[in-house]
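Fold and geometry: a report
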Amino acid sequence: MNKGKIVSVSGPLVTAEGMEEANIQDICRVGNLGLIGEIIEMRGNIASIQVYEETSMVGPGEPVESTGEALSVELAPGLISQMFDGIQRPLDKFLEQVESNFLNRGVAVEPLDRTKQWTFVPTAEVGARVTTGDVIGTVQETPVVLHKIMVPAGIEGTVKKLEQGAFNITETVAVIETEEGDKELTMTQKWPVRRGRPTARKLNPTAPLVTGQRVIDTLFPVAKGGSAAVPGPFGAGKTVVQHQIAKYADVDIVVYVGCGERGNEMTDVINEFPELIDPNTGESIMARTILIANTSNMPVAAREASIYTGITLAEYFRDMGYSVAIMADSTSRWAEALREMSGRLEEMPGDEGYPAYLGSRIAEFYERAGKVIALGNEGREGSITAIGAVSPPGGDTSEPVTQNTMRVAKVFWGLDSSLAQKRHFPSINWLESYSLYQNEMTAYIGKELDTDWTNMVIRSMALLQDEAELQEIVQLVGAESLSERDRLKLAVSRMIREDYLQQNAFDDVDTYTSIQKQFEMLTTILSFEDEANHGMELGAYFDEIMEGTIEVRDRIARGKYIHEDQIEEFKTIRETVKETIHQIVERGGMEENA
Amino acid sequence: MARKIGVVGDKDSVMPFKMLGFDVFFASDAREARRYVDRLAKEEYGIIYLTEPLAEQIPDTVKRYDDVIEPAVILIPNHKGSLNIGKKRIQENVEKAVGQNIL
């Protein structure tokens, strides 16, 4: 292919002439250094190339060569537990190769280990007819992930030969006889990141993604196959929320895209994750996690690609029939990368300088989430849950990225800096946030627990809502002016806030709460309200009840630290509540009714 | 908006109120007094007269109705004479309302 010549360089944007043979979205090698770039605009023979590496010292006249391939990721065993940059270069290999903690330029690193031997176990039979998406064999990649080797897209035929044993990912493991001749299959597939992988059918999400975070699971649940946005100002805890979900969500695979945030946050991930044990499988959670890092000091253009790289990896595992969660922290940085490129391309800016196509790009990402039936005869069901953090400047959620995200994401966990300042974490504001999956998900959990969970959730929400209204009155005229019933409401909603919604991510027990325990905790708090109301009906005064129950309320408050396997204790707490209030009523002189 | 008037106190003190047509309830100790006051409040009495010696024994109950519009719990002296709690309460309320004791 003809080589082009650089005309101009403007940050990550390089224009080159003599590129008439290249196509849009082709990957190019730019300059004498051979930087990796992608064509994002073609005008006649002039191509605009976004370069995924630092472009200083690159000048006009240097050559540009198109590879004729779109930006693709390599999909094969060896992905799990790896940390890649935005264009799927493994960072540990990178470090070895360049012996520097920073990205050197023009370095080509194989995305996956070519030499490692994987034990391939065939599952198809010779002579069987296979089509796209059929599983021909499996590789036990980590203790928890069974990597299914699927027939790549566009191949259909009969299995002619099937190997068994240890292979690396470039060796042929199967031969398929197709109409266009024999096709040799390795364990590797390539897929262009900007195109969604095809599926047989999209399904409606039905099951909740259990995260072990009480405020999320109870009040604002997200479905497996759903999409959620976590907007919040600096320091409100977006990253911790994302980390918590990555750690404890009941999914098979987690793809964590650190996109434009501080490098130390990725360091936290690398330091913490290997030590943590997945409560669902008993293995280290690193055994199901893929990390993609494009920290704030890494090239901007690669940031744009990192989101697509992440979701393509997620789609690959979804096609195997796994439930996958992809975390993007933060999509604002990604949108800013879009803005930077758009600005350099001299496109007409939209709101706040973001490109006019910001909305469609964000939608493109979130729409790749979903619950699907994968291609192939088996009809495997897989799902991708996309959870994107958004960092609106100044916490103002009326800015374009948040607004466009809200349009496509069905769950909105609005983080609140005033809650964060009060040390209420996770600082998800219960009045602002919403989940459009709430009805289905609470009904599902209710069925699972065999209780009226929906009602409990609605009641807690109503209490919190009432509290906000009552608080206004209290601020005007003082708590004394409220009726006793309202004061009880305040007390109970305070219990819900402090003893239930507040959750310490850094406490060994409190960091994860199973649905069963959530149910017990909420039942206990709500039963306190019932009992107190009953006591007041029988003549006890609010103040007497509050004074008499200090001890037992303290026990309710410490309920979050009760170990998962001791949740019967909540039952005794509830009995104590009943007894205590009973005694208070007796002392209040109403013994004949009590 | 017609409301009933109830009187709670020891028998000797409150009996005469019966002549005026008020509902009279005899209470000899704190527990009984509290029960009556609470009950009358629940039954939507507009005014509850309570004798001072009993009120002294159930400050929580009296305080409970301080900030509500209905019922008004008004303290009255009993047949043994006034303890001045009732008057003091009025003065306090006036002071709260006007900012100065003008009585």
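Residues numbered from 1 in each chain as written. Chains lettered and ligands numbered in written order. Predicted model: local features only at pLDDT ≥ 70, side-chain atom pairs only at ≥ 80, totals over all residues. Heavy atoms only, no water.

**A look at a nonpolar patch on the surface**
- Taken together, the side chains of I90(B), V98(B), I102(B) and L103(B) present a nonpolar region at the surface, about 430 Å² in accessible area.
- In this fold, I90(B) is placed in helix α6 (residues 85-98). (Patch = residues over 30% accessible without salt bridge, like charges linked within 9 Å, V, L, I, M, F, W, Y side chains within 5 Å. Areas by Shrake-Rupley, 256 points an atom, 1.4 Å probe, with all protein chains shown as cover. Salt bridge = Lys/Arg side-chain N within 4 Å of Asp/Glu carboxyl O. Helix = DSSP H or I, 4+ residues; strand = E, 2+ residues; numbered from the N terminus.)

**Some words on the packing of aromatic side chains**
- If you walk through the whole model with that rule in mind, you get 11 aromatic pairs over all chains.
- Look at F25(B) and Y36(B): their rings are 5.4 Å apart centre to centre, the planes differ by 40°, and that puts the pair in the tilted class. Here Y36(B) lies in helix α3 (residues 30-42) and F25(B) lies in strand β2 (residues 23-26), a separation of 11 residues in the sequence.
- Clustering of aromatic rings is evident, with ring pairs tying together F17(B), F22(B) and Y49(B).
- Sitting over the ring of Y322(A), K148(A) keeps its end group 5.1 Å from the ring centre.
- Looking at R214(A), its charged tip hangs above the ring of Y500(A), at a distance of 5.8 Å from the centre. (Phe/Tyr/Trp six-rings, centres within 6.5 Å; stacked < 30°, edge-to-face > 60°. Lys NZ or Arg CZ within 6 Å of the ring centre and 35° of its normal.)

**As for the packing of helix α15 (residues 550-557) of chain A against helix α16 (residues 569-587) of chain A**
Residues and elements named next belong to chain A.
- Contact pair α15 / α16: the axes reach a minimum separation of 10 Å and the direction vectors enclose 160°. Considered as vectors, α15 and α16 are oriented roughly antiparallel to each other. Considering the relative orientation of α15 and α16, their crossing is left-handed. Between α15 and α16, the contacting residues are V552, R555 and I556 on the first element and T572, I573, T576, V577 and T580 on the second.
- By residue class, the composition of the contact of α15 with α16 is four nonpolar, three polar and one charged. (Axes fitted to C-alpha atoms, helices over the stretch in contact; angles between N-to-C directions. Parallel < 35°, antiparallel > 145°, perpendicular 65-115°, else oblique. Left-handed = near helix turned anticlockwise from the far one by under 90°. Contact = heavy atoms within 4.5 Å. Nonpolar A, V, L, I, M, F, W, Y, C, P; charged D, E, K, R; others polar.)

**A look at the pairing of strand β21 (residues 289-294) of chain A**
All names here are of chain A.
- Across the six residues that make up β21, a large majority, six, are buried.
- In terms of strand pairing, strand β8 (residues 83-84) meets β21 through two bridges, oriented parallel. In the sheet register, M83 faces β21, and the bridge partner there is L291.
- Here six bridges tie strand β20 (residues 253-259) to β21, and the two strands are oriented parallel to one another. Bridged to Y256 within β21 is L291. (Buried < 20%, exposed > 50% of the residue type's maximum accessible area, 1.4 Å probe, protein only. Pairing = 2+ DSSP bridges.)

**Quick notes on the domain arrangement of chain A**
- Here the domain parsing of chain A yields domain 1 (3-70), domain 2 (118-187), domain 3 (216-419) and domain 4 (451-593).
- Once you take the C-alpha centre of each, domain 1 of chain A and domain 4 of chain A turn out to be 64 Å apart. (Domains from an automatic or database assignment.)

**A look at unusual backbone geometry**
Residues and elements named next belong to chain A.
- Following D329, the chain continues to S330 via a peptide bond in cis, the omega torsion being 5°.
- Among the secondary structure elements, S330 is positioned in the loop between β22 (323-329) and α6 (331-344).
- With an omega of -10°, the peptide bond running from F425 to P426 counts as cis.
- Within the element layout of this structure, P426 appears in the loop between α9 (417-421) and β26 (434-435).
- One non-glycine residue, M57, lies in positive phi territory at about 70°.
- With respect to the element layout, M57 can be found in the loop between β5 (46-51) and β6 (63-70).
- Even without being a glycine, Q88 presents a positive backbone phi close to 60°.

**Regarding the sheet that holds strand β12 (residues 146-150) of chain A**
All names here are of chain A.
- Pairing within the open sheet is antiparallel, and its four strands lie in the order β12-β11-β9-β14. Each having just a single partner strand, β12 and β14 (165-167) make up the two edges of the open sheet. Recorded for the sheet is a direction-independent mean angle of 40° between the axes of neighbouring strands.
- Where strand β9 (residues 118-122) lies against β14, three bridges are found, and the strand directions are antiparallel. When the bridges of β14 are listed, W118 appears paired with F167.

**Details of helix α10 (residues 438-449) of chain A**
Residue and element names in this part refer to chain A.
- Taking 1.5 Å of rise per residue, 12 residues should cover 16 Å, and α10 covers 16 Å from first to last C-alpha, within 8% of that figure.
- Inspection of α10 places Q438, M441, T442, I445, G446 and L449 among the buried residues, and these make up the whole buried set. The buried residues of α10 all sit within an arc of 135° when viewed along its axis, so they share a single face. Exposed residues pointing more than 90 degrees away from the buried face of α10 are listed as N439, K447 and E448. (Expected span 1.5 Å × (residues − 1). Arc of directions from axis to C-beta.)

**Here we look at the UniProt feature "binding site: ATP" (unreviewed entry) in chain A**
All names here are of chain A.
- Cross-referencing UniProt, the feature "binding site: ATP" (unreviewed entry) maps to G232, P233, F234, G235, A236, G237, K238 and T239 in the present numbering.
- With respect to the secondary-structure elements, F234 resides in the loop between β19 (227-231) and α3 (238-248).
- For F234, a relative accessible area of 60% corresponds to the exposed category.
- Tracing the sequence through the fold places G237 in the loop between β19 and α3. (UniProt positions renumbered as here; feature names shortened; annotations may be inferred.)

**Some details on the nonpolar core**
Residues and elements named next belong to chain A.
- Core analysis: the largest hydrophobic core is formed by 78 residues, its most contacted members being L219, I245, W413, W453 and F528.
- Residue-level mapping places this core at the junction of two domains, with at least three residues from each of domain 3 (216-419) and domain 4 (451-593).
- Setting aside residues up to four positions removed in sequence, L219 forms contacts with R214, W430, Q438, V457, M461, L464 and L501. (Core = buried A, V, L, I, M, F, W, Y, C linked by side-chain atoms within 4.5 Å.)

**Observations concerning the sheet that holds strand β4 (residues 35-43) of chain A**
Residues and elements named next belong to chain A.
- Taken in spatial order, the six strands of this closed barrel run β1-β2-β5-β4-β3-β6, and their pairing is antiparallel. This sheet shows a mean twist of 45° between the axes of neighbouring strands, independent of strand direction.
- Note that strand β1 (residues 4-10) and β6 share two bridges and pair antiparallel. Bridge pairing in β6 places G4 opposite V64.

**A word on the UniProt feature "domain: ATPase F1/V1/A1 complex alpha/beta subunit nucleotide-binding" (unreviewed entry) in chain A**
- Annotation from UniProt places "domain: ATPase F1/V1/A1 complex alpha/beta subunit nucleotide-binding" (unreviewed entry) at residues 212-435 of chain A.
- The span residues 212-435 of chain A is 38% helix and 19% strand, and its two end C-alpha atoms sit 17 Å from each other.

**Things to note about the environment of N45(A)**
Residues and elements named next belong to chain A.
- With respect to the helices and strands, N45 occurs in the loop between β4 and β5.
- Taking the relative accessible area as the measure of exposure, N45 reaches 32% and is therefore partly exposed.
- Residues N45 and E17, spaced 28 residues apart in sequence, show a C-alpha to C-alpha distance of 5.5 Å.
- Leaving out residues up to four positions away in the same chain, N45 has contacts with A16, E17, G18, M19 and E20.

**Topic: the environment of S332(A)**
All names here are of chain A.
- When you line up the elements, S332 lands in helix α6.
- Take S332: its relative accessible area is 1%, and that puts it in the buried class.
- Not counting residues within four places of it along the chain, the set of residues in contact with S332 comprises A389, V390, S391, P392 and V401.

**A few points about the confidence of the model for chain A**
- Taken residue by residue, chain A gives an average pLDDT of 92. The fraction at 70 or more is 99%.
- Low pLDDT, under 50, characterises residues 590-594 of chain A; the predicted model gives this stretch 11 contacts beyond four residues in sequence or across chains. (pLDDT = per-residue confidence, 0-100.)

**Comments concerning the pairing of strand β24 (residues 381-390) of chain A**
Residue and element names in this part refer to chain A.
- In terms of burial, β24 is a largely internal element, nine of the 10 residues being buried.
- Two elements, β19 and β24, share five bridges in a ladder whose sense is parallel. Residue P231 lies in a different strand from β24, and its bridge partner there is V390.
- In the sheet, β22 pairs with β24 via six bridges, with the strands oriented parallel. Across the sheet, the residue bridging to V324 is I384, located in β24.
- Summarising the sheet, strand β23 (residues 370-373) and β24 pair through four bridges and their orientation is antiparallel. Bridge pairing links G370 to I384 in β24.

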